[in-house]
Amino acid sequence: MRILVTGGAGYIGSHTILELLSAGYDVVAMDNFSNSKPAVIDRLYAVSGVRFRFYEADLGDSLALDKIFIENKIDGVINFAGAKAVGESVEKPLKYYRNNLSGMINLLETMARFECRQFVFSSSATVYGAGGTPPFREEDPLGALNPYGSTKLMGETILRDVSAADPEFSAAILRYFNPIGAHPSGMLGEDPAGIPNNLLPYIARVAVGRLPYLTVFGDDWPTPDGTGIRDYIHVVDLARGHVAALAYLAAHPGCVTANLGTGRGHSVLEVLHAFERACGRQIPYEVGPRRPGDNAVSYADCTRARELFGWQAQLGLEEMCADSWRFIQQNPDGIQ
Ligand code: UD1
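Our subject in this report is the structure included herewith. (Residues numbered from 1 in each chain as written. Predicted model: local features only at pLDDT ≥ 70, side-chain atom pairs only at ≥ 80, totals over all residues. Heavy atoms only, no water.)

## Observations regarding the overall build of the protein chain
- Across its full length, the protein chain holds eleven helices and 13 strands.
- Taking 336 residues into account, the globule formula puts the C-alpha radius of gyration at 20 Å, and the protein chain, at 19 Å, falls close to it.
- Relative to its 336 residues, the protein chain shows a buried fraction of 54%.
- The contacts in the protein chain between residues at least 6 apart in sequence include a share of 80% that link residues at least 24 apart.
- The average position of the 29 basic charges and that of the 38 acidic charges among the side chains of the protein chain differ by 3 Å. (Helix = DSSP H or I, 4+ residues; strand = E, 2+ residues; numbered from the N terminus. Rg over C-alpha atoms; globule rule 2.2 N^0.38 Å. Buried < 20%, exposed > 50% of the residue type's maximum accessible area, 1.4 Å probe, protein only. Contact = heavy atoms within 4.5 Å. Lys, Arg positive; Asp, Glu negative; His and termini not counted. Charge placed at Lys NZ, Arg CZ, Asp CG, Glu CD.)

## Brief notes about the pairing of strand β3 (residues 53-56)
- Sheet analysis places strand β2 (residues 26-31) next to β3, joined by four bridges and oriented parallel. By the bridge assignment, V28 is partnered in β3 with R53. (Pairing = 2+ DSSP bridges.)

## Side note on the pattern of salt bridges
- This structure, assessed with the given rule, holds 21 salt bridges.
- Across the salt bridge formed by E156 and R175, the nearest N and O atoms sit 2.8 Å from each other. Highlighted residues: E156 in helix α6 (residues 147-165) and R175 in strand β6 (residues 170-176), separated in sequence by 19 residues. In this pair, the class of E156 matches that of R175, namely buried.
- Among the salt bridges present, the one from R326 reaches D323, with a minimum N-O distance of 2.6 Å. In this pair, R326 and D323 both sit in helix α11 (residues 317-330), three residues apart, roughly one turn of the helix.
- A network of salt bridges, in which partner residues are shared, links R137, E139, D301 and R304. (Salt bridge = Lys/Arg side-chain N within 4 Å of Asp/Glu carboxyl O.)

## Brief notes about the environment of D161
- With respect to the helices and strands, D161 occurs in helix α6.
- C-alpha separation for the pair D161 and C255, spaced 94 residues apart in sequence, amounts to 9.2 Å.

## Topic: helix α9 (residues 268-279)
- Over its twelve residues, α9 extends 17 Å from the first C-alpha to the last, a length consistent with the 16 Å expected when each residue adds 1.5 Å.
- Restricting attention to buried positions, one finds in α9 the residues V268, L269, V271, L272, A274, F275, E276 and C279.
- Taken together, the buried residues of α9 touch α7 (199-207), β8 (214-217), β10 (232-234), β12 (266-267), β13 (285-288) and α11.
- Phi for G280, located one or two positions after α9, is positive at around 70 degrees. (Expected span 1.5 Å × (residues − 1).)

Laid out in structure tokens, this is it:
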């Protein structure tokens, strides 16, 4: 089977390409490099030893999509192309609706023209909104707290509608919890432009001296140590979850939704101390105010992914931190 991976040079896309290749899939990848670097593709060739086809293209460009589908018989699509910074989405909502939704609709229309009917969608734990009590289950009430979250909720709705209209169409909506870690080769990892928004890349940059200290967003949350709790999942486990979902889709038309997490929560301070153990040095931090829009605790119920896909996360927080540390040590200034 030949899978098109959009956003293939990004953090989760690049790791998923490696897992697809190891599982024996043919891969065609595309990226517009708006938030990633061409060097990632060379690194993927080096790590995998496979020179899969790559297109520099934007999901907004229907002609470019047609060309990819004309030149390659695509059996399924994993769509990682999209913007994901919550704060930016509040400032530039139209950028988010255009990138994440118009792009996805273009892609689905192209797929329909070429009779390609398998789609894997990157959703997020953000769709569980502000209410609700963890562990979050797929049937829990949903809500969006910002335009980024709205694009994920709407993306899910679009796929359910498309799948209801076409009994041969199959889609997996995967709700990611907090992907961290890096490929064990140290060649691929999370490499955000500018100051990182998320916890792990921030800690990693403090550890290599690029940032002075971490600000912990509040230590007065109703948790044992007062800091926020999240379900961190190793990006390699997450990538394998996509491969497992694709295998399921091949045999099951329809639209399925599943959480991808570990089912375990860790606090900000637990993550900080695990990273200190991995790098053998202290990470300076200060406690600041809560970040608007944050919640105290989020972790997944992963029963459905286990039952349907036969998939379960294998790697723990120590491995996540050790691999992140290896990546930032080997690439202190990011991927060049
Ligand atoms: C964030 C987004 C979420 C998105 C996800 C993936 C927000 C409110 N949520 O999730 O919608 O799907 O990223 O991109 O932006 N923390 C600190 N100091 C920091 C950074 C984070 O203390 O400098 C804390 C946070 O308060 C939180 C935890 O670390 O308790 C994890 O934060 P983060 O990595 O940003 O992930 P989420 O907030 O879970």
